[in-house]
Amino acid sequence: MKDNVNNNEKVTLEELDLPKDLKKLSLNQCAGLCKEIRNILISTVSATGGHLASNLGAVELTMAIHRNFNSPEDKIVWDVGHQAYTHKILTGRLDRFSTLRQEDGISGFPKPEESPHDVFISGHSSTSVSVACGICEAMELQGKDNYAVAVIGDGAMTGGMFYEAMNNCGRGLQRNLIVILNDNNMSISKSVGSLSKYLTSLRNTEKYLSTKRAVERGLGMIPIVGNSVAKGIKNVKDSVKSNILEQSTMFEDMGFIYLGPVNGHNLSELEEVIHMAKSYHQPVFIHVKTVKGKGYIPAEQNPGEYHGISKFDIATGNPEVSAADSYSTMFGKELVRLAEKDDKICAITAAMKYGTGLQFFHFKYPERFFDVGIAEQHAVTFAGGLASMGMIPVFAVYSTFLQRAYDQLVHDIAIGGLHIVLGIDRAGIVGEDGETHQGLLDVPMLTTIPNTVIYSPSCYSEMKMCMKKALYSEKGLAAVRYPRGSEEMSFSKYHLTTEHLYIREENSDILIITYGRLYNEAYKAQQLLKKEGINCDILKLTKIYPLESDLGAEISKYNTIVFFEESMGEGSISEKIGDVLSELGYRGDYSRVTAKGFVKQASVMSCLEKLGLTSGKMAEYIRGRRK
């Protein structure tokens, strides 16, 4: 950007060296850029899918942050990353923004390997304050005088880790830590509980900050002489606060200076409060109010639907046409059907009512539906409490988020032999959300927990069968895992089972083992190879753990065994089958095709192709084993 630009002259993002040129612009020029950014967000997400509403609401806030801090020397930590798209645009990724969430493109979440401005990876919620606190302490040890800024959403404040971090950070230490709450009064599923009511009360006290500013400006004009005057000033400030707020805020009780709430779409107000926060050189909490979906009417009117959305038509806001049903919706509808006959069944979600298909249960049985917020650990132990009283709790949760509750599954459920059911959604590859969201660890995790039963159905009908088994045939921790998206069923309905099933060809010495949606790919591979004169049998597992005792003796009769598994290899079912074969002294050819590391963003089928888990790749692999 040329240095002699007129502050009334219109500028575009392409003209700027971002983010440093932002500091040279007038507020009017920045407001123009905010409009340009919103147009980019809408056009890009309409083509790639992604998180739209939360990002539209954070445009001015992100602009103000980058105008008032010096990234990457000042560290900006984004909680979850659902609201970091504008940050990516303003930190040198404008030319690549059209590749958002695409294979070999930029991630939909902050990613340090992508840019030095992304200081920490974040795909799970409520972590940013902990990260920023650690960064602050490191800066202190290294003699650096930069700022650490944690940007969170109100939904993230339903997670217990946020309070653990706040309690640890706000100890009266002189640290350049600033926590900014982007409060749009609408997390993924509407915020619930006492915290939501508390924030609502704070939202009604805008007059506090404006009055405080006026008082501080007035006091700043008084010559300060001696301790008595200083003490008097403090008393005046405290009196103003108590008269307007009538109580100390929760954040101040934790040792933070509380500023807000302020209008998150007014750059002038945002910059003033950030400037004030920086001047304290101690932990500060800034409460910013925004409108989710700001600037795009369909998203403003239905922010929940535009939190995470597939491709859509900009003019109408209509999403790309997709299958009416999915594993999530089918799970939710079947749970309602089962609950009609059993009033002991309860449904639990961690702020993902719509994502997990539980909106149907909430509508039909609100008294038995519990949204605990972004608190997976609490959800599991809460389910244990319900189970201890004879209820049958079903916790529907994405595979990637279940990882956060491992200790509770072990300590609070399994050891006590309590019966809860996990509906593990998004199990396996999820695609464009990338490494932080791929569901490849739930099987290795759950198989380490004694007395756990895991079902992995291959289609909707089988999922319904497994749900009933998990609810009524199992006594302890039971899980039904299923993938993102809709079913693809190329096999016969006679292949359905809740245990295991062999699909045999004549004179075959090759056995394919798999489970879940990969059975569809394995069946197609079997048919491809059959046309080439290569006969393979398939062992289809539905109850994938624990392994049935007679499996080893049967499968060891084959000369070639290949296990295709949509999971990390370490701790997988295929690894356990290998152990069984080894104990039996198997001398044949056993191999397994699994994920061997974190899987980057791409379409689901592209990810499966790279892992060797599509029908074509399966057939190719088996041909290679015969040479």
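Rules behind the numbers
Residues numbered from 1 in each chain as written. Predicted model: local features only at pLDDT ≥ 70, side-chain atom pairs only at ≥ 80, totals over all residues. Heavy atoms only, no water. Helix = DSSP H or I, 4+ residues; strand = E, 2+ residues; numbered from the N terminus. Buried < 20%, exposed > 50% of the residue type's maximum accessible area, 1.4 Å probe, protein only. Contact = heavy atoms within 4.5 Å. Areas by Shrake-Rupley, 256 points an atom, 1.4 Å probe, with all protein chains shown as cover. 1 Å grid on protein atoms, 1.4 Å probe; cavity = no way out; pocket = protein on both sides within 12 Å on 5 of 7 lines; lining within 4 Å. Points joined across faces, edges and corners; volume = space filled by probe spheres on them. Nonpolar A, V, L, I, M, F, W, Y, C, P; charged D, E, K, R; others polar. Domains from an automatic or database assignment. Expected span 1.5 Å × (residues − 1). Pairing = 2+ DSSP bridges. Axes fitted to C-alpha atoms, helices over the stretch in contact; angles between N-to-C directions. Phe/Tyr/Trp six-rings, centres within 6.5 Å; stacked < 30°, edge-to-face > 60°. Lys NZ or Arg CZ within 6 Å of the ring centre and 35° of its normal. UniProt positions renumbered as here; feature names shortened; annotations may be inferred. Arc of directions from axis to C-beta. Disulfide = S-S within 2.5 Å. pLDDT = per-residue confidence, 0-100. Salt bridge = Lys/Arg side-chain N within 4 Å of Asp/Glu carboxyl O. Parallel < 35°, antiparallel > 145°, perpendicular 65-115°, else oblique.

Broken down by element type, the protein chain carries 24 helices and 17 strands. Across the 627 residues that make up the protein chain, the buried fraction comes to 58%. Sequence-distant contacts in the protein chain: of pairs separated by 6 or more residues, those separated by 24 or more amount to 77%. Entry remark: accessible area of the protein chain is about 25800 Å², with carbon and sulfur atoms responsible for 51%.

With that settled, consider empty space enclosed by the protein. Scanning the model with the defined rule gives 5 cavities of 30 Å³ or more in all. Looking at the largest cavity, its volume works out to about 90 Å³. Lining the largest cavity, in full, are A427, G428, S456, P457, R481, Y482, P483, Y515, G516, R517, L518 and E566. For the lining of the largest cavity, a count of residues per class yields 6 nonpolar, 3 polar and 3 charged. Each of domain 2 (327-481) and domain 3 (500-624) gives at least three residues to the lining of the largest cavity.

The end-to-end C-alpha distance of helix α13 (residues 327-340) is 20 Å, a good match for the 20 Å that 14 residues give at a rise of 1.5 Å each. Burial analysis of α13 places 11 of its 14 residues in the buried class, which makes it a mostly covered element. Listed in full, the buried residues belonging to α13 are Y327, S328, T329, M330, F331, G332, E334, L335, V336, L338 and A339. Looking at the buried side of α13, the elements it contacts are β6 (345-349), α14 (359-364), β8 (392-398), β9 (420-425) and α19 (460-472).

This part is about the sheet that holds strand β5 (residues 284-289). Strands pair in a sheet through their backbones, by hydrogen bonds, and they do so in one of two ways: parallel or antiparallel. If you walk across this open sheet you meet the 5 strands as β1-β2-β3-β5-β4, and the pairing is parallel. If you trace the sheet from one side to the other, it starts and ends with β1 (75-78) and β4 (257-263), each paired once. For this sheet the average axis-to-axis angle between neighbouring strands, irrespective of direction, equals 20°. Sheet analysis places β1 next to strand β2 (residues 148-153), joined by 4 bridges and oriented parallel. Within the sheet, the bridge partner assigned to K75 lies in β2 and is A148.

Right, let's get into the environment of T127. Inspection of the secondary structure assignment puts T127 in the loop between α4 (85-93) and α5 (128-141). Judged by its relative accessible area of 16%, T127 is buried. Measuring from C-alpha to C-alpha, the distance between T127 and A150 comes to 9.1 Å, with 23 residues separating the pair along the chain. Once you skip the residues sitting within four places of it in the chain, T127 turns out to touch D79, M161 and R404.

This part is about the packing of aromatic side chains. Following the criterion strictly, the structure yields 17 aromatic pairs and no others. On the numbers, 5.9 Å between centres and 40° between planes, the contact of Y296 with F312 is tilted. Linking Y296 in the loop between β5 and α12 (297-301) with F312 in the loop between α12 and α13, this pair joins segments that are 16 residues apart in sequence. F312 carries the same exposure label as Y296, and that label is buried. One aromatic cluster in this structure is built from Y327, F331, Y460 and Y482. Positioned above the aromatic ring of F69 is the side chain of K278, whose terminal nitrogen or guanidinium carbon lies 5.2 Å from the ring centre.

On to the UniProt feature "binding site: Mg(2+)" (unreviewed entry) in the protein chain, then. This chain's UniProt record puts "binding site: Mg(2+)" (unreviewed entry) on D154 and N184. The named residues occupy 31 residues along the chain; their greatest pairwise C-alpha distance, 7.0 Å, places them in one compact cluster. Position of D154 relative to the elements: it lies in the loop between β2 and α6 (160-169). Checked against the element boundaries, N184 lands in the loop between β3 (177-183) and α7 (193-203).

We now examine helix α17 (residues 406-414). Considered for burial, the residues of α17 that qualify are Q408, L409, I413 and A414. Burial along α17 is one-sided: seen end-on, the buried residues are contained in an arc of 140°.

All right, on to the state of the cysteines then. Here, disulfide denotes a covalent bond that connects the sulfur atoms of two cysteines. Scanning all chains against the criterion turns up 0 disulfides. Of all cysteine sulfurs in the structure, the one in C466 sits closest to C459, which takes part in no disulfide; the separation is 8.9 Å. For C459, a relative accessible area of 1% puts it in the buried group.

Relative to the elements of secondary structure, R96 occurs in the loop between α4 and α5. Note on R96: relative accessible area 35%, which makes it partly exposed. For the pair R96 and I106, spaced 10 residues apart in the sequence, the C-alpha separation amounts to 7.0 Å. Residue contacts for R96: discarding those within four places in its chain leaves I106 and E114.

What follows concerns the confidence of the model for the protein chain. On average, residues of the protein chain score 89 in pLDDT, and 88% of them are at 70 or above. In the predicted structure, residues 239-247 sits below a pLDDT of 50 and forms 11 contacts with residues beyond four places in sequence or in another chain.

What the rule picks out here adds up to 32 salt bridges. One salt bridge connects K469 with E499, and the closest N-O pair in it is separated by 3.3 Å. Here K469, found in helix α19, pairs with E499, found in the loop between β11 (477-481) and β12 (500-503); they are 30 residues apart in sequence, far enough to count as distant. K530 is the salt-bridge partner of E505, the closest N and O atoms lying 3.3 Å from each other. Placement of the pair is E505 in the loop between β12 and β13 (510-515) and K530 in helix α20 (residues 518-531), with a sequence separation of 25 residues. The exposure class assigned to E505 is buried, which follows from its relative accessible area of 19%. Since its relative accessible area comes to 41%, K530 is described here as partly exposed.

Turning to the sheet that holds strand β10 (residues 452-455), a few remarks are in order. The strand order across the open sheet formed by 7 strands is β7-β6-β8-β9-β11-β10-β15, and the pairing between neighbours is mixed. Bordering the open sheet on either side are β7 (369-371) and β15 (543-545), each of which pairs with just one other strand. Across the sheet, the axes of successive neighbouring strands diverge by a mean angle of 25°, strand direction being ignored. Pairing between β10 and β11: 4 bridges, direction parallel. From the neighbouring strand, T452 faces β11, where its bridge partner is L477.

Right, let's talk about the packing of helix α1 (residues 27-48) against helix α11 (residues 267-280) for a bit. For the pair α1 and α11, interaxial distance at closest approach is 10 Å and the crossing angle is 110°. When the axis of α1 is compared with that of α11, the two are roughly perpendicular. For the pair α1 and α11, the contacting residues are L27, C30 and A31 in the first and L267, S268 and E271 in the second. Considering only residue class, the contact of α1 with α11 consists of 4 nonpolar, 1 polar and 1 charged.

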